[in-house]
Amino acid sequence: MLDFIYYPVSAILWFWHKVFGSVLGPDNGFAWALAVVFLVFTLRILLLRPAIRQVRTTLQMQQLQPQIKALQKKYAGDRQRQAAEMQKLQKEHGFNPLMGCLPALVQAPVFLGLYHVLRSFNRTGTGLGQLGMSPEANANTPNYIFSAMDVQSFLSARLFGAPISVAITSPESTLASFASYGGIPTVATIAAVAVPLMVIASVATHFNARASVARQSPEAANPQSAMVNKLMLWVFPLGVLVGGPFLMIAILLYWVSNNIWTYGQQHLIFARIDREESLKAHAAESERRAPSVPKPGVRPTRKKKRRR
């Protein structure tokens, strides 16, 4: 049903695995891990322009907060008129609220697509969405654009001794399916890799939220935004720690690399916008202080002397 997501995601993952596998070896765990990381980087590069527009939209929304609040107060008893005036204000300033949501809307299906593709390398489980295949049948069944040989390569890959397609809470039947491909991993080995990734992802989520909250203007402060800020700063990072044991190592790699990219991208975009705003302010100040000289090609106007 979602093949239009699964095939492109698997194609990008396949490409990067071929790149790193040609250097490190196709069965190397780091080759597969780097393929996941560079899948994230590829997506974020494609979304860079919308991300910049998202930041600009957020800043513009903050600048319009005084006018928005004034409209809400003026038309408090007339919701229809209030909505019409809001649309008029947004149109006048070229403001599109949907641009603030676009990167997140695109990343969500990609995250789900990656989760499904990685999970489909091992279809021996019997839970929701699993096929209950035997280890032999699973190892000889292609996974979207990945061949059966690629599936076996993925099953054989280890990152510090742990397969990247398992989670701390993976059932014993899933772990047993790796017996012919590097041996059955232990929960301790999986936790030794997954727990540091969970902590890094949680800390990165918190610092990304702090950078975002620090950029908010006082005019945008309200009870709703305060509650959202608390969720971003504390609840979401805690959610990574709580949900981490249920996520396969490859998804934790996705989460870590995505947050690290976000942290660097935020600082670069904010620095660029700050420079632009500084140049605009400097230009406006220079224009205000500049003497009123005629433009090139325009005859200067002289004041007529009063006759005595």
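Residues numbered from 1 in each chain as written. Predicted model: local features only at pLDDT ≥ 70, side-chain atom pairs only at ≥ 80, totals over all residues. Heavy atoms only, no water.

S.K.: Teacher, can you tell me more about helix α2 (residues 29-46) here?
M.R.: In an α-helix, one turn spans 3.6 residues, which is why side chains three or four residues apart end up on the same side. Over its 18 residues, α2 runs 26 Å from end to end, which matches the ideal 26 Å to within 8%, given 1.5 Å per residue. Among the residues making up α2, those that are buried are G29, A31, W32, A33, A35, V36, V37, L39, V40, L43 and R44. Two or three places before F30, at the opening of α2, N28 has a side-chain oxygen 2.7 Å from that residue's backbone nitrogen. (Helix = DSSP H or I, 4+ residues; strand = E, 2+ residues; numbered from the N terminus. Expected span 1.5 Å × (residues − 1). Buried < 20%, exposed > 50% of the residue type's maximum accessible area, 1.4 Å probe, protein only. Polar contact = N/O pair within 3.5 Å; in protein donor to acceptor, adjacent residues only side chain to side chain.)

S.K.: Explain the pattern of salt bridges here, please?
M.R.: Any two side chains of opposite charge can pair, so long as their charged atoms come close to each other. Applying the stated criterion across every chain, the model contains one salt bridge. K18 is paired through a salt bridge with D150; the nearest N and O atoms lie 3.5 Å apart. Pair noted here: K18 is in helix α1 (residues 3-24) and D150 is in helix α8 (residues 148-156), with a separation of 132 residues, a long-range link. When its relative accessible area of 7% is taken as the criterion, D150 is described as buried. (Salt bridge = Lys/Arg side-chain N within 4 Å of Asp/Glu carboxyl O.)

S.K.: Explain a nonpolar patch on the surface here, please?
M.R.: Residues V195, V199, V203, F207, L238, L241, V242 and Y263 make up a contiguous nonpolar surface patch of about 660 Å² in total accessible area. Only α10 (187-214) and α11 (223-243) provide two or more residues apiece to the nonpolar patch. Of the residues forming the nonpolar patch, the biggest block, four residues, is contributed by α10. (Patch = residues over 30% accessible without salt bridge, like charges linked within 9 Å, V, L, I, M, F, W, Y side chains within 5 Å. Areas by Shrake-Rupley, 256 points an atom, 1.4 Å probe, with all protein chains shown as cover.)

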